[in-house]
Every structure is written in C-alpha cells, then in structure tokens.
Amino acid sequence: MERSGTAFKELLMQNFFSRHSESCILLRGDSVKGIGQKMKKRILYTAAAVCMLACGCSGKNNGNSRPVHNLEYGLDEAVSMIDEYEWYCAWLQTQDTISRDDAQKLSAHLDSLISDTGEMALCTQIDGADWEDSSIETLTLHHDQNQPTIYHEDISVVSAKEECQCEILDGASECREHSGTLTIRKEYTGDSPQLKDWYLEYIFRKNAHDADWQFAALNGTYDTEAPLTLRDSFANAEYAQ
C-alpha cells in the first residue's frame with residue numbers, strides 16, 4: 001500500500017526520535033496532506049530533555065555535588081563542526097535533479113557529519129513519495145522550501161554555549177569532568193520580515209571527559225519559504241572542489 005507524504009515524514013521523524021529518545025523531545029510542524037506532496041513544512045525539534053553531558057570545568061561545590069557551569073565555546077571550532085554539513089545542504093538547493101544512487105550516498109555522508117539527519121536534509125527538497133518509490137532513478141529537487149545555512153547571506157553562527165555538570169570528588173573542592181551539552185546557534189541577522197527571528201540550534205553532547213561531541217538534537221525551525229541568496233564563499237569552499 002502506498003504511503004502518503006505525511007506518513008513518510010512522520011516515520012522519518014519517528015526513526016530520528018527513537019535513536020535520540022533519551023535526549024530530546026520532538027515537535028512536528030503542520031502536516032503535509034495528500035499523496036506525493038513534498039515534505040515541505042517546518043521541521044521542529046527541541047531538546048528540552050537533553051541530559052547535560054561531558055566537558056572540562058572547575059568550580060566550587062556550594063552545597064551541590066554537581067554544580068552547573070556555563071562556558072563560551074570557540075566560535076571557529078563550533079563552525080567547523082557543522083560547516084561541511086551546511087555546505088551540502090546549500091548545494092542541494094543549487095541542483096534540479098539528483099540520481100537515487102547519489103542521493104543515497106549523500107544521505108549516508110550527511111549522517112556521518114550530523115548523525116541521522118541525511119534523509120531529513122534530502123527530503124526537505126525531494127517529494128516524499130518520490131523518495132519512497134525505488135523505481136524512480138532520477139529524483140527532482142524542489143526549491144519552494146529550503147534550509148537557511150551559513151553559506152547564505154545574513155545567516156551566521158552567533159553563539160556556541162557549553163553547559164557542564166561537574167561531579168565533586170570526596171574531600172575535593174574542585175569538580176572533575178562529568179557531563180555536558182554544547183549548543184551551536186545560527187540565526188538570521190538581516191532585515192527580511194519573512195526570516196525575522198529565524199534560528200536553528202545544533203545540540204551536541206558527550207558523557208566522558210575525553211569523548212568527542214556527539215550530535216543529539218535540533219532546536220528551532222529547520223527550513224523556510226523565504227528566498228535565500230548564496231554567499232560568495234559557497235563557490236570557494238573546499239567541498240566545492
């Protein structure tokens with residue numbers, strides 16, 4: 001039985017949510033109605049229940065065995081964590097078609113950059129019914145709904161916040177690394193009424209002092225109907241070569 005675009009969108013989100021159920025709560029935008037319509041409505045995630053996981057920090061107990069510390073994370077390093085993913089999301093918006101084989105490879109690559117988000121990025125541009133129909137070898141990319149990226153004018157990473165929760169060792173006055181989250185926020189900084197107050201946050205976590213940051217959730221609005229203009233840096237990026 002053919003599945004509607006709405007059902008496909010919900011399944012995609014449920015799969016993402018199930019892999020991150022201990023760290024985030026999923027909110028969906030308006031449903032897409034009808035078979036074969038593009039999965040084009042706003043994709044909303046919130047990390048209201050993200051567990052605070054690892055980072056290095058120090059501080060006094062103050063009666064709390066795990067005091068929380070809020071730190072500024074280096075913006076350059078934060079941008080490097082999402083830069084390639086953002087470039088490919090922008091690249092999709094420059095294409096009219098993509099082969100199924102290339103789309104599947106790109107989805108896997110995006111998953112390797114920001115885990116479990118490859119299909120979501122592709123299906124912002126591709127009709128859900130087309131994506132499901134394996135007989136369609138060449139997929140059409142639609143551009144009435146796009147993700148604002150840092151490769152678009154007036155979209156910038158404006159902050160990177162690290163929140164630590166430290167565990168105090170017996171008899172010690174300073175905490176040791178325990179757990180933490182990292183929130184990288186991009187915003188629209190221009191004057192378009194259509195994009196006023198637009199933002200999207202990437203939320204990462206780790207649960208060991210020497211662990212790498214792992215993607216946990218998105219918070220904000222994923223895409224928009226507003227027109228977007230690419231920066232000159234898009235064509236000059238290393239991924240474009």
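As a starting point, this report considers the structure included with it. Values in this document were obtained by computation on a predicted structure and should not be read as measured data.

## As for the overall build of the protein
Then step 1. Per the secondary structure count, the protein includes 6 helices and 9 strands.
Then step 2. Of all 241 residues assigned to the protein, the portion counted as buried reaches 46%.
Then step 3. A separation of at least 24 residues holds for 70% of the contacts in the protein among residues at least 6 apart in sequence.
Then step 4. When the accessible surface of the protein is split by element, carbon and sulfur atoms take 43% of a total near 12,000 Å².

## With respect to the packing of helix α2 (residues 75-92) against helix α3 (residues 100-113)
Then step 1. Contact geometry for α2 and α3: axes closest at 9 Å, N-to-C directions at 150°. On the basis of their axis angle, the class for α2 and α3 is roughly antiparallel. In this structure, α2 meets α3 at a crossing whose hand is left-handed. Judged by residue contacts, E84, Y85, Y88, W91 and L92 of α2 engage L106, H109, L110 and L113 from α3.
Then step 2. Class assignment for the residues of the contact of α2 with α3 results in 7 nonpolar, 1 polar and 1 charged.

## Quick notes on the packing of aromatic side chains
Then step 1. Applying the stated criterion across every chain, the model contains 7 aromatic pairs.
Then step 2. For the pair F204 and F215, a centre-to-centre distance of 5.9 Å together with 75° between the ring planes defines the contact as edge-to-face. One end of the pair, F204, is in strand β8 (residues 199-206); the other, F215, is in strand β9 (residues 214-221), and 11 residues separate them in sequence. Each member of the pair F204 and F215 is classed as buried.
Then step 3. By the ring-pair criterion, three or more aromatic residues cluster together here, those being W87, Y88, Y151, F234 and Y239.
Then step 4. Positioned above the aromatic ring of Y199 is the side chain of R185, whose terminal nitrogen or guanidinium carbon lies 3.8 Å from the ring centre.
Then step 5. Here K206 stacks its cationic end above the ring of W213, 4.7 Å away from the centre of that ring.

## Remarks on the environment of D130
Then step 1. Tracing the backbone through its elements, the reader meets D130 in helix α5 (residues 128-132).
Then step 2. Given a relative accessible area of 23%, D130 falls into the partly exposed group.
Then step 3. Expressed as a C-alpha distance, the spacing of D130 and T140, which sit 10 residues apart in the sequence, is 8.3 Å.
Then step 4. Excluding residues that lie within four positions of it along the chain, D130 makes contacts with R100, I136 and L139.

Cut-offs and rules
Residues numbered from 1 in each chain as written. Predicted model: local features only at pLDDT ≥ 70, side-chain atom pairs only at ≥ 80, totals over all residues. Heavy atoms only, no water. Helix = DSSP H or I, 4+ residues; strand = E, 2+ residues; numbered from the N terminus. Buried < 20%, exposed > 50% of the residue type's maximum accessible area, 1.4 Å probe, protein only. Contact = heavy atoms within 4.5 Å. Areas by Shrake-Rupley, 256 points an atom, 1.4 Å probe, with all protein chains shown as cover. Axes fitted to C-alpha atoms, helices over the stretch in contact; angles between N-to-C directions. Parallel < 35°, antiparallel > 145°, perpendicular 65-115°, else oblique. Left-handed = near helix turned anticlockwise from the far one by under 90°. Nonpolar A, V, L, I, M, F, W, Y, C, P; charged D, E, K, R; others polar. Phe/Tyr/Trp six-rings, centres within 6.5 Å; stacked < 30°, edge-to-face > 60°. Lys NZ or Arg CZ within 6 Å of the ring centre and 35° of its normal.

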